[in-house]
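Here is how the chains run, residue by residue.
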Amino acid sequence: MIPSEPKITPELVAEHGLKPDEYERILKLIGREPTFTELGIFSAMWNEHCSYKSSRLHLRGLPTKAPWVIQGPGENAGVIDIGDGKAAVFKMESHNHPSYIEPHQGAATGVGGILRDVFTMGARPIAALNALRFGDPKHPRTRHLLAGVVSGIGSYGNSFGVPTVGGLVGFHTRYDGNNLVNAMAVGLADADKIFYAKATGVGLPVVYLGSKTGRDGIHGATMASAEFGEGAEEKRPTVQVGDPFAEKLLLEACLEIMEAGCVVAIQDMGAAGLTCSAVEMGAKGDLGIELDLDKLPCRETGMSAYEMMLSESQERMLMVIAPGKEDEAEAIFRKWGLDFAIVGYTTDTLRFVVKHKGEIKADLPIKELGDEAPLYDRPWVETPKQQRIDPASLDITATVPGALERLIGSPDFASKRWIWEQYDYLILNNTAQRPGGDAAVVRVENGPKALAMSCDVTPRYCEADPFEGGKQAVAEAWRNITAVGAKPLALTDNLNFGNPEKPEIMGQLVGCLRGIGAAALALDFPVVSGNVSLYNETNGRGILPTPTIGGVGLLDDIEKMATLDFKAGGETILVLGATTGWLGQSAFLSEILDREDGAPPPVDLDLERRTGDLVRALINDGLVTAVHDVSDGGLLVALAEMALASGIGATLAAPPPEMNPFAFWFGEDQARYIVTVENSAKALVARRAELAGIPFAKLGTTGGDRLNIAGERPIVVDALRERHEAWLPIYMGAGLM
Amino acid sequence: MKAAVLVFPGSNREGDVARALELVSGVKPAMVWHADTALPAGTDLVVLPGGFSYGDYLRCGAIAARAAIMEAVRAHAARGGLVLGICNGFQILCESGLLPGVLVRNARLRFICREALLKVERNDTPFTRRYARGAIVRFPVAHGEGNYTADATTLKKLEDEGRVLFRYVMPDGHRDDAQVLNGAANSIAGIVSEKLNVLGLMPHPENHVDPQVGPTDGRALFESLVGVLEKA
């Protein structure tokens, strides 16, 4: 408990993460010294997480529109039209810092937050994905973080009842002090029943729903806790605690009162809790909001207005209820055993007024809280370009089969089964493509439509060339969705970077955003939602720039879905797209030669689009039997994955004589897919590729139980599988089961 | 057939099992809220679905076993009515005394979602008559507490009376208690009551009924029930 409100001093202002000039801006805006509660409100609204003050300027350049986009960035989640009166609602959000401090709860509440963003809009969550980055496996904290994050994601999603169907996991020493947890959720709604935060109507009740408010998460995104020592022993840790059971009840209750026509506006209480949700509802609707904190359901006694306004307790919602619907809404919430309290009203004053125990604790201009937040055009420098690597200059002692065996058993490529088996990926009975494929595929209701989704980014590329890396992240998500036969529709981006006050880090952000924008535009793959996580830095060293892209696409007929496993022996294996042997920033270079340098592979967006369109058409016309995109690891890793998924081997021709075999097998040229074709379809597929102007080459033929590369030692598929499956369980000390 | 699916706060596979029942029987089951005190008139089959009833923060299924609707379920079972408990439903049946034993945390202390191979030990029950005796079927599991445990006397009684209906097996069809995925005693995946009218099982037959999203080995369980009830 805070006995009395502290005096506003420069130190207190600094502890709230506000710079002196930002504080001056506050004084000018309100014409007086803020109260302690008001200072807290400003710090919550004006921190990087809520205001996007470093990134906003550059986010404006992203393409956000398409005929099928119903709602772009700016709401809780993006919304796209998928036909038949249905909409897909999705977003990805980071919970990086909390997941480092307390991995289980940090990751769990990250999942909870993103699910809430989706069902706040009236959508029932139908799939969850997550993109995870951990430090070097040899770092003493990595195992603990991995175990905690995975159990946290599993415990929340499994209990809530959403299938966790896909994602990615990567390791790099640059994440040693800052692991990343990017959680994505996808929901399904009726396209004409989307709910928004914008309040309408004066004098309507503002209703608080869900779990009670406690002292957890008060310092939230803004503060280190230092100066609040007097009350510290009574405060919960700054990481919130998740309750998936409460969230499941909240979901059912929210969807029920939406269906009953009770809801005018709705906003979940996420970062900055009550403050952010109330201000957004009012500001978006050009209305004032008056809150009476005496009515707030609290978990503990003696909470101050400051604490209530800044608490980040989980599983809470704020709503404006339609006139005369209070009783009906309350009855539904009581049925689900949840708190329901009228905590305020909409007003026509455009003021955000907070009352507590007969005192006015805050009285601020509501629109300016958001609109007048600082906006920075931070100085930035372009990342210096790196040279293209000439394969002939490399001193390679490995053999091709030896390099494949090492790569396939290395942390980044090893099977992540140990992780995804802890997630319920089957619940709701719509999971048509389980973890391990190019994209997860989830059927829409009873079909035949399905959604395909994928999370992608190659941080090494982004660090070496932010523009090309940003392009590549978008292209790879687009490619993965294409590889199952779906048409990519839109993406959500989760931008994880270091300290934007450093010009070189800001340069990474700017470069990646330009690349993302260019690719999104060229591929008709607009950005509909996203999240920015900056200051991912420890001891002055930032993470690799990691703009995770979460893509969503539509498959018209689930029966036509493609999968990556070889289907039978005796089929022709083709690669579509050009192979030049690009080794710069490749996994081969990093894992086998222990160097991360050179220019990353460029993405030709026109070729990317045409190649993808051809592959999708081939899948739709039933001309290919297996499809896999070629990404990091190159051709041979992709072929091995197709063999591992099926148990069927292949006989592969030697590389063209003019090419370095390592560059051929492990180069990471973009815009490529491997397909298998029955003999009867061979000529037709070749003709289609020629007509589309897409280069293609025959790699070999499926069959047998090993990968036989001409002139190389055979690789037994089952032995390769053992390597592939072994690393993670052994690393986690779990044995091979 | 009239089926009723119970819904506890925190149930989350009620929709999956309702869909499976409708797919096989053509009739939507009634969804019955935990606070109700009676089953719909003429209910033939009661299903307790998977999930985390009341959050399962206490021993799983312990609170649900004391829900208002459970009195009606006990009475239904006592009359010989059919009861099917899947996953959390199996845990609730054990906690409510309708089946013996208990489900504890998986031996490796982790949640596990995986396809499991099961042996159908007998096909003279209302739940399994559409399977061949000894058939090996593939159902998925998705649980953190599916490790079936009972005292030696109870286990012996279950085995002697042939009440183990589903058993986890290795790919060669034999059970291996040391390798079983969740540590279950005698590799038990599902058991029936003395009168063969109450089945509890951890794996999810309702998630393997639809060829669009996977194998269909679970379908025969629901077809068995529909067949039995149509004859009756």
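Here, every reference points to the structure presented above.
The shown structure was predicted, so the numbers you read here are calculated from the model rather than taken from an experiment.

Topic: the packing of aromatic side chains
Applying the stated criterion across every chain yields a total of 15 aromatic pairs over all chains. Taking 4.8 Å as the distance between ring centres and 75° as the angle between the ring planes, the aromatic pair formed by Phe-664 of chain A and Trp-665 of chain A counts as edge-to-face. Aromatic pair Phe-139 of chain B and Phe-166 of chain B: ring centres 5.7 Å apart, planes at 50°, arrangement tilted. With Phe-139 of chain B in strand β7 (residues 136–143) and Phe-166 of chain B in strand β9 (residues 164–168), this residue pair connects regions lying 27 residues apart in the sequence. By the burial criterion, Phe-139 of chain B is buried, and Phe-166 of chain B matches it. An aromatic cluster is present here, built from Phe-134, Phe-171, Trp-727 and Tyr-731 of chain A joined pairwise through their rings. Across from the ring centre of Tyr-100 of chain A, 4.3 Å away, lies the NZ or CZ of Arg-141 of chain A, which sits over that ring.

Remarks on the interface of chain B and chain A
Counting residues at the interface gives 32 residues for chain B, matched by 33 residues for chain A. With both sides pooled, the region where chain B packs onto chain A buries about 2,800 Å², and carbon together with sulfur makes up 49% of that total. Sorting the residues of chain B by area buried against chain A places Arg-19, Gln-212 and Val-213 of chain B first, and these three jointly supply 23% of that buried surface. Joining chain B to chain A, the criterion identifies four salt bridges. For the salt bridge of Asp-424 of chain A with Arg-13 of chain B, the shortest nitrogen-to-oxygen distance reads 2.6 Å. Counting every contact that joins chain B to chain A gives 19 residue pairs in polar contact (both at pLDDT 80 or more). The set of elements that each furnish at least two residues to the side of chain B that touches chain A consists of α1 (14–25), β6 (112–120) and β7 of chain B. The greatest single-element share of the side of chain B that touches chain A, amounting to four residues, is contributed by β6 of chain B. Of the residues belonging to the side of chain B that touches chain A, the class tally is 13 nonpolar, nine polar and ten charged.

Each value, and the rule that gives it
Counting restarts for each chain, with residues numbered from 1 along the sequence as it is written. Chain letters and ligand numbers both follow the written order, the letters beginning at A and the numbers at 1. In keeping with the predicted nature of the model, local features appear solely for residues at pLDDT of at least 70, side-chain atom pairs appear and are counted solely at 80 or more, and the whole-chain, interface and lining totals rest on all residues. Here the side-chain values reflect all heavy atoms present in the structure, with hydrogen atoms and water set aside. Each Phe, Tyr or Trp ring (for Trp, its six-membered ring) is paired with any other whose centre lies within 6.5 Å, and the angle between the two planes then decides the class: stacked below 30 degrees, edge-to-face above 60, tilted in between. Here a strand is any run of E in DSSP of at least two residues, a helix any run of H or I of at least four, and the numbering for each starts at the N terminus. We call a residue buried when its accessible area falls under 20% of the maximum for its residue type, exposed when it is over 50%, and partly exposed in between, using a 1.4 Å probe and counting protein chains only. In this scheme, the term charge over a ring applies when either NZ of a lysine or CZ of an arginine sits within 6 Å of the ring centre and within 35 degrees of the ring normal. In this analysis, two residues are considered to be in contact whenever any of their non-hydrogen atoms come within 4.5 Å of each other. Buried area: the accessible surface (1.4 Å probe) lost by two parts on joining, summed over both. The salt bridge definition used is simple: a Lys or Arg side-chain nitrogen within 4 Å of an Asp or Glu carboxyl oxygen. Pairs of N or O atoms within 3.5 Å make up the polar contacts considered here, provided that, within protein, one atom can donate a hydrogen while the other can accept it, and that residues adjacent in sequence are counted only when both atoms are side-chain atoms. Residues were grouped as follows: Ala, Val, Leu, Ile, Met, Phe, Trp, Tyr, Cys and Pro as nonpolar; Asp, Glu, Lys and Arg as charged; and all remaining residues, including Gly, as polar.

All quantities given are derived from atomic positions and should not be read as evidence of function.
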